[in-house]
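One-letter residues, chain by chain:
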Amino acid sequence: MTKIVVIGAGYAGVLATKKLEKKLRKKKLLDSCEITLIDKHPYHTMLTELHEVAACRVGEESIKMNLDQIFAERKVNVVLDTVTGVDLNTNTVNGKNSNYSYDYLVVAAGSKPTYFGVEGAEQYSYKLWSYDDAVKLRDRIHDCFRLAADETDIDKKKELLSFYVVGAGFTGVEMVGELAEYTPILCKRFGIDREDVTIVDVDGLSRPVPILPEKLSNKVDKRLRKMGVDVVMNASVVGVGENFIKLKKGDEVSEHVAGTVIWTAGIESSEITSAIAKEVKSGGRGRIEVDEYLRSVDHENVYVIGDNMLFTAPGQERPVPQMVENAEHSAAAVANNIMVAITGEGERVSYNPKFHGVMVCVGGRYGVARGGMANHQINFASFFAMFAKHFINIIYFIQVMGWTKVFSYLKHEFFTIRNNRSFLGGHFSNKTPSFMMVPLRVWLGAVWVFEGVMKIVEGWLQKPMLEGFFGGANSWFDSLLGRIDPNAINAVSSATTEVADAVASSTVQAADAVASASTAVAAAAPAGTVIFDWNLKLFELIFVSGTDLAKATISDLAFKIQVPFVDWIVENMVLSSDAMTMFMQGFIVVLQILIGLGLMGGCFTFLSAAVSLVLQAMFVTTTGLYLNTFWMIFAGLAVMFGGGRSIGIDYYLMPWLKSKWKKVKWARKWYLYND
């Protein structure tokens, strides 16, 4: 049995484990190999999103992914333990609870904050490098505003409302940006003047986020100042106390009131990585030196990835940066190289990453980025930078936990966002109470039931009618478009009712609408108007009026999307025989009634609304629709998500089904569920 042990369930550790398990599964080697992932937490944390929780933009659950869910139905032994040491001579990982032997070791234990020996920094400041850190900081910020609202001592109130963020790199800027964005909301909630709150971002750097081009750094600086942040550069922190911070600028040292100091000034390898680094060749801050295949230069069966690796790529002057993209690339390389070592097949991959850029958010509404291809990158800001940030996160989630995490992310970042703290504002947030959709849902369902019943009355279950249904509508449109002799309309005059029904196929029209449509058919050539007819090769958009445009009502206006492929399906499959035609007629009738009953009762509402939209799409591409029936399309969209949870069967049914569905093995394996 070949044993592989991965230390750490951060970005690099989780991805390396998943990729390695997938490769072993494809080679059918899982019975002869054992993968063990060890971490002291039962969850994987999105470290790049901690500031969002700390400043209460999203809930704390949004940055956690349960390891059991990530590795569901995968042959990975997830162990909850704290690694205390590694014996490189006996190939053993020592933990508090047990010891773990290995043939191959992957060190991906991540980092921790470094305080550079600043007096009081570790004791009196709040760090931001874990899930617990984010939750503690969020509670601290709330407590400061809550206590300050009732504080009568001016000096104490000033202390409570003084926030210093140490560090102007990625984490520092994103934290101070979120805090500045959240402050006006807290001030309004607790009745505090914004002018009473002090927010300072301090660093010894000459400008914020110096890895960015100077132009983008200046944009970050300008945005922070606009949000009320005092940006202090070229100043080092030399001391932190219970209620103060000491800054040194040049030769001058000054002391400032600081009720809350948030430390984001730098990182070093975790304790276990630092301990290993003492036994092998390594560099500063506990990073372990690796060769081109990401193996420790002293031990070929020990691989190091993510923040823990010290490697300078070919042609580069500096070691690879400690960022998420490096974790992703190094995880893939190590998974490949371990597979080659185990099987003796294929070739090892020399690590030569091509990074695609960096970005930083300043609150939930603004960001800057430099990105593109490895050798050709551009600067962009605001909407496009924020879009890129969310897109990149989604790509990562697809790799780690698939659909369920992507949907959860969209929900937390867009659909339940409060106080408009998104680059899209609050436009996509579900602010409308769902019970307000109940009348619309019931009415939409009733219309579908009525239409299905009326089709039965018209004889759809007794004789083939689809040929006239489709043909009459097509003849009407063709006559308006001048594609047939206007006099030929008389050939279908006996099917006037069918034509009117066809064009209004998604609903049963009121008697006057049918009469209007009938008149339009009989007099299509002289009275009708073509509003536009756009042929776009793959499909054609047609918008017409059945009467003179100046006299038209909404029930006279019809829209159709002519799709040649759909026309072929209708001609060669749907109308291929009387038996097929009768089957399709019966199918449509039953489907309309089931959709209607489902919507009226709020049962399988999402499915009912989705099928409703599919039927509408079918009608608009075969017979066209009058505009006075388009409300059904918009109603279907409106009630699709959660529309049955209020005064509906789904209120009871969906939670029960979800609890059962999550236990299905293949649904868990492919993450086909939503928490």
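Looking at empty space enclosed by the protein
Right, on to step 1. Summed over all chains, the structure comprises 1 cavity of 30 Å³ or more.
Right, on to step 2. Considering only enclosed or pocket space, the largest cavity measures out at about 50 Å³ in volume.
Right, on to step 3. In this structure, the largest cavity is lined by Met46, Glu49, Glu52, Val58, Ser62, Ile63, Phe397, Tyr409, His412 and Glu413.
Right, on to step 4. With 4 residues, the single largest contributor to the lining of the largest cavity is helix α11 (residues 383-415).

So, the packing of helix α19 (residues 605-622) against helix α20 (residues 631-639)
Right, on to step 1. With their axes 9 Å apart at the nearest point, α19 and α20 run at an angle of 155 degrees to one another. Between α19 and α20, the angle falls in the class roughly antiparallel. Here the hand of the crossing between α19 and α20 comes out left-handed. Of the residues in α20, those in contact with Thr605, Ala609, Leu613 and Gln616 of α19 are Met632, Ile633, Gly636, Leu637 and Val639.

Points about the sheet that holds strand β26 (residues 529-535)
Right, on to step 1. An order of β26-β27-β28-β29 is seen for the 4 strands of this open sheet, with the pairing classed as antiparallel. Of all strands in the sheet, those bounded by a partner on one side alone are β26 and β29 (625-626).
Right, on to step 2. Here α19 sits on the sheet in contact with β28 (557-562) and β29, set at roughly 90 degrees to β28.

Considering the environment of Ser254
Right, on to step 1. The residue Ser254 is located in strand β17 (residues 252-257) in this model.
Right, on to step 2. For Ser254, the contacting residues outside a window of four places in its chain are Ile245, Lys246 and Leu247.
Right, on to step 3. At 2.8 Å, the side chain of Ser254 forms a polar contact with the side chain of His256.

Focus on the layout of surface pockets
Right, on to step 1. Taken as a whole, the second largest pocket holds about 1800 Å³ of empty space.
Right, on to step 2. Surrounding the second largest pocket, 47 residues form its lining, Phe407, Phe641, Gly642, Arg645 and Asn674 being those nearest its centre.
Right, on to step 3. Mapped onto the lining of the second largest pocket, the elements with two or more residues apiece are β4 (64-66), α11, α19, α20 and α21 (650-661).
Right, on to step 4. Among the elements that take part in the lining of the second largest pocket, α11 stands out by supplying 10 residues, more than any other.
Right, on to step 5. Considered class by class, the residues forming the lining of the second largest pocket number 23 nonpolar, 15 polar and 9 charged.

Quick notes on the packing of aromatic side chains
Right, on to step 1. Here the structure, examined in full by the defined rule, presents 25 aromatic pairs.
Right, on to step 2. Centre to centre, the rings of Tyr43 and Tyr131 are 5.4 Å apart; their planes meet at 65 degrees, and the pair counts as edge-to-face. Here Tyr43 is found in strand β3 (residues 43-45), whereas its partner Tyr131 is found in helix α5 (residues 131-150), with 88 residues between them in sequence. Accessibility assignment for this pair places Tyr43 and Tyr131 in one class, buried.
Right, on to step 3. Among the aromatic residues, those joined into a cluster by ring pairs are Phe383, Phe384, Phe387, Phe391, Phe414 and Phe423.
Right, on to step 4. Taking NZ or CZ as reference, Lys405 lies 5.4 Å from the ring centre of Phe397, over its face.

A word on the confidence of the model for the chain
Right, on to step 1. Taken as a whole, the chain shows an average pLDDT of 92; of its residues, 94% reach a score of 70 or greater.
Right, on to step 2. Under a pLDDT of 50 for its full length, residues 489-501 has, in the predicted model, 21 contacts with residues more than four places off or in other chains.
Right, on to step 3. Counting interchain partners and residues more than four positions distant, the pLDDT-below-50 stretch residues 504-526 has 49 contacts.

Reading guide: rules and limits
Starting afresh in each chain, residues are numbered from 1 along the sequence in its written order. A pLDDT threshold of at least 70 governs which residues receive local features in this predicted model, and a stricter bar of 80 or more applies before side-chain atom pairs are shown or counted, although totals over entire chains, interfaces and linings include all residues. Water and hydrogen atoms play no part in the side-chain values, which are based on all heavy atoms of the structure. Cavities and pockets were defined on a 1 Å grid built over protein atoms only: a cavity is a set of grid points that admits a 1.4 Å probe from which the probe cannot escape, a pocket is an open set flanked by protein on both sides within 12 Å along at least five of seven lines, and lining residues are those with an atom within 4 Å of any such point. Grid points are joined across faces, edges and corners, and a volume is the space filled by probe spheres set on the points. Every helix listed is a DSSP run of H or I at least four residues long, and every strand listed is a run of E at least two residues long, numbered separately from the N terminus. Angles run from 0 to 180 degrees between N-to-C directions of axes, and those axes are lines fitted to C-alpha atoms, restricted for helices to the stretch in contact. Angle categories are assigned with fixed cut-offs, so that under 35 degrees is roughly parallel, over 145 is roughly antiparallel, 65 to 115 is roughly perpendicular, and the rest are oblique. Handedness of each helix crossing follows the sense of rotation of the near helix against the far helix: counterclockwise by less than a right angle gives left-handed, clockwise gives right-handed. Working rule for contacts: check all heavy atoms of both residues, and any pair within 4.5 Å makes them a contact. Note: two strands are recorded as paired if DSSP finds a minimum of 2 bridges between them. Whenever a nitrogen or oxygen atom comes within 3.5 Å of another N or O atom, the pair is scored as a polar contact, on the condition that within protein one atom can donate a hydrogen and the other can accept it, and that pairs from neighbouring residues in sequence are kept only if both atoms are in side chains. Each residue is assigned to one class: nonpolar for Ala, Val, Leu, Ile, Met, Phe, Trp, Tyr, Cys and Pro, charged for Asp, Glu, Lys and Arg, and polar for all the others, Gly among them. Two rings from Phe, Tyr or Trp (for Trp, the six-membered ring) form a pair when their centres sit within 6.5 Å of each other. Planes less than 30 degrees apart are called stacked, planes more than 60 degrees apart edge-to-face, and all others tilted. Burial status follows relative accessibility: with a 1.4 Å probe on protein chains alone, a residue under 20% of its type maximum counts as buried, one over 50% as exposed, and anything between as partly exposed. The rule is short: NZ of Lys or CZ of Arg within 6 Å of the ring centre and within 35 degrees of the ring normal puts a charge over the ring. One number per residue, pLDDT, summarises how confident the predictor is, and it ranges from 0 to 100.

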